[in-house]
Amino acid sequence: MLLSDDVPMVTRADPAFRADVLAGLSLSQKAIPARWFYDRKGSELFEDITALPEYYPTRAETAILKTICPELVGAVGDGVAVVEFGSGSSVKTPILLNCIEPAAYVPIDISGDFLRSSAATLSGQFPGLPVLPVEADFMHPVPLPDAVADMPKLGFFPGSTIGNMEPLAAGTLLRAMRDWLGEGAMLLIGIDRVKDEDTLVAAYDDAAGVTAAFNLNLLDRINRELAGTVPVDAFAHEARWNDDAARIEMHLRATRDVGFTVDGRSFAMRAGETIHTENSHKYGDRDARLLLRSGGWTPQQQWCGDDGAFCVILAEA
Ligand code: AVI
């Protein structure tokens with residue numbers, strides 16, 4: 001359907017996506033928040049990333065979770081409600097649920113479809129377990145289900161997703177989680193470690209090009225959902241280590257001068273200019289614990305596997 005002779009009508013675009021893209025492309029260092037990677041295609045590509053030989057975080061965290069069960073059971077106790085930030089589609093959630101046998105499981109996710117399908121899968125796997133999904137953006141908490149009101153809570157925030165936030169925002173989120181989960185709650189969180197640059201860059205720029213496809217899919221999404229004319233073939237994936245900020249940055253670099261429109265607005269980029277699409281902060285030993293403390297959590301135990309590449313920390317409110 002056309003609004004006029006030559007302006008295609010944009011349908012089903014999330015207004016927040018449009019606002020973030022238009023604002024981000026207007027900055028001198030263009031930047032689009034990483035949350036917009038995760039349309040259906042982006043979520044599938046992320047699942048593929050987690051299985052890549054170069055992408056160690058998922059393997060490392062899964063291995064840790066498999067080995068810490070006895071200690072976790074001792075520390076967490078009986079009758080807890082596990083509240084997972086992001087819905088557990090991965091293998092990690094069943095490992096935790098099998099281990100601590102909670103009284104209820106509350107997955108929280110912004111994507112309703114994804115949340116419902118992963119909740120249904122877990123209900124099938126754990127027939128006696130009340131699975132109580134909450135569709136919400138955990139940056140803006142909503143009340144937890146009444147059924148878990150009187151249960152002690154264990155927050156579960158795996159994958160080093162906290163690393164995708166700037167440290168200030170990460171501290172704010174941790175504090176919000178603490179308020180949300182309430183007095184006496186515990187938090188089990190995965191945090192990726194600073195390590196040698198080659199390992200880090202390879203994890204975000206794999207030989208098979210899956211991370212490149214994940215990054216470039218953002219441009220396809222803009223073209224599809226925001227009537228964009230971005231010439232995707234004029235962009236290259238770039239992963240760089242920013243040592244000052246202790247983070248891997250992902251960018252989309254224009255390989256030639258380009259001009260395009262998004263939602264009817266014109267943008268131009270010179271060859272070499274980038275759109276900054278993601279930060280993935282890495283934390284040193286003390287940094288990770290300090291981050292938790294800044295969010296009102298007191299670290300109790302920490303497990304970092306054999307090589308110390310990735311850590312899982314149990315903290316108390
Ligand atoms: C989801 N998040 C923790 C991933 C990370 O490692 O920062 C996203 C990702 N981006 C590229 N590869 C993986």
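Above this text is the structure in question.
Residues numbered from 1 in each chain as written. Predicted model: local features only at pLDDT ≥ 70, side-chain atom pairs only at ≥ 80, totals over all residues. Heavy atoms only, no water.

Summing up its helical and strand segments, the protein has 10 helices and 13 strands in all. Relative to the 2.2 N^0.38 estimate, which gives 20 Å for 317 residues, the radius of gyration of the protein is 21 Å and therefore close to what a compact globule would have. In terms of principal-axis extent, the alpha carbons of the protein reach across some 65 × 45 × 35 Å. Split into buried and exposed, the 317 residues of the protein put 50% on the buried side. (Helix = DSSP H or I, 4+ residues; strand = E, 2+ residues; numbered from the N terminus. Rg over C-alpha atoms; globule rule 2.2 N^0.38 Å. Buried < 20%, exposed > 50% of the residue type's maximum accessible area, 1.4 Å probe, protein only.)

Further remarks concern the pattern of salt bridges. As enumerated under the stated definition, the model contains 18 salt bridges in all. Here Arg 224 and Asp 39 are joined by a salt bridge, their closest N and O atoms 2.7 Å apart. On the criterion of sequence distance, the pair formed by Arg 224 in helix 9 (residues 210–225) and Asp 39 in the loop between strand 1 (30–31) and helix 2 (40–50) is long-range, its members being 185 residues apart. By relative accessible area, Arg 224 is classed as exposed at 52%. Glu 249 is the salt-bridge partner of Arg 247, the closest N and O atoms lying 3.0 Å from each other. (Salt bridge = Lys/Arg side-chain N within 4 Å of Asp/Glu carboxyl O.)

The next thing to look at is the sheet that holds strand 7 (residues 235–242). Taken in spatial order, the 4 strands of this open sheet run 1-11-8-7, and their pairing is mixed. A strand with exactly one partner marks an edge of an open sheet, and here the two such strands are strand 1 and strand 7. For strand 8 (residues 247–254) and strand 11 (residues 274–281), the ladder comprises 7 bridges, and the chain directions are antiparallel. Bridging across to strand 11, Leu 252 finds its partner in Ile 275. In the packing of helix 9 onto the sheet, the strands contacted are strand 7, strand 8 and strand 11, and the crossing angle to strand 8 comes to about 60 degrees. (Pairing = 2+ DSSP bridges. Contact = heavy atoms within 4.5 Å. Axes fitted to C-alpha atoms, helices over the stretch in contact; angles between N-to-C directions.)

Position of Ser 160 among the secondary structure elements: in the loop between strand 5 (153–157) and helix 7 (167–181). Looking at Ser 160, the relative accessible area reads 6%, which means it is buried. A polar side-chain atom of Ser 160 sits 2.9 Å from the main-chain amide nitrogen of Asp 192. Filtering out sequence-adjacent residues up to four positions away, Ser 160 remains in contact with Gly 190, Ile 191, Asp 192 and Phe 310. (Polar contact = N/O pair within 3.5 Å; in protein donor to acceptor, adjacent residues only side chain to side chain.)

Below, the discussion takes up the site of the ligand. Near the ligand you find 14 residues, and of these Tyr 55, Asn 164, Tyr 204, Glu 278 and Ser 280 are the closest. At 2.7 Å from a nitrogen atom of the ligand is found a side-chain nitrogen or oxygen belonging to Glu 278. Between the ligand and Ser 280 there is a distance of 2.6 Å, counted from an oxygen atom to a side-chain nitrogen or oxygen. For the ligand, whose accessible area on its own is 340 Å², the fraction buried by protein is 95%. Elements represented by at least two residues in the shell around the ligand include exactly helix 2, helix 9 and strand 11. (Near = heavy atom within 4 Å. Areas by Shrake-Rupley, 256 points an atom, 1.4 Å probe, with all protein chains shown as cover.)

The next thing to look at is the nonpolar core. One recurring pattern in soluble globular proteins: nonpolar side chains tend to sit buried together. Membership of the largest hydrophobic core comes to 40 residues, with the highest contact counts inside it found for Ile 222, Phe 235, Phe 260 and Val 262. When contributions to this core are tallied by element, the ones reaching two or more residues are helix 1 (15–25), helix 2, helix 8 (197–203), helix 9, strand 7, strand 8, strand 9 (258–262) and strand 10 (265–269). Counting residues per element, this core draws most heavily on helix 9, which supplies 6 residues. Those residues in contact with Val 262 that lie beyond four places of it in its chain are Val 21, Leu 22, Leu 25, Ile 222, Leu 226, Ala 227, Gly 228, Val 230 and Phe 267. Judged by nonpolar contacts, the second largest core, of 31 residues, contains Val 148, Phe 157, Ile 162 and Leu 181. (Core = buried A, V, L, I, M, F, W, Y, C linked by side-chain atoms within 4.5 Å.)

What follows is about the sheet that holds strand 2 (residues 81–85). Sheet strands pair by backbone hydrogen bonding; their relative direction is either parallel or antiparallel. An order of 4-3-2-5-6-13-12 is seen for the 7 strands of this open sheet, with the pairing classed as mixed. Edge positions in the sheet fall to strand 4 (134–135) and strand 12 (298–303), since each of these pairs with one other strand and no more. Strands strand 5, strand 6 (186–192), strand 12 and strand 13 (310–316) of the sheet are contacted by helix 3 (residues 56–67), whose axis makes an angle of about 50 degrees with strand 13. Taken strand by strand, helix 4 (residues 69–76) contacts strand 5, strand 6, strand 12 and strand 13, and its axis lies near 165 degrees from that of strand 12.

Another aspect to go through is the packing of aromatic side chains. According to the stated counting rule, one finds 10 aromatic pairs in the structure shown. Considering the side-chain rings of Phe 46 and Phe 214, the 6.2 Å spacing of their centres and the 40 degrees angle between planes classify their relative orientation as tilted. Taken together, the residues span a long stretch of sequence, with Phe 46 in helix 2 and Phe 214 in helix 9 at a distance of 168 residues. Classification of Phe 214 as buried rests on a relative accessible area of 3%. Three or more aromatic residues joined by ring pairs make a cluster, and in this case those are Phe 37, Tyr 38, Phe 46 and Phe 214. The ring of Phe 17 has Arg 221 sitting right over it, with the charged end atom 4.5 Å from the ring centre. (Phe/Tyr/Trp six-rings, centres within 6.5 Å; stacked < 30°, edge-to-face > 60°. Lys NZ or Arg CZ within 6 Å of the ring centre and 35° of its normal.)

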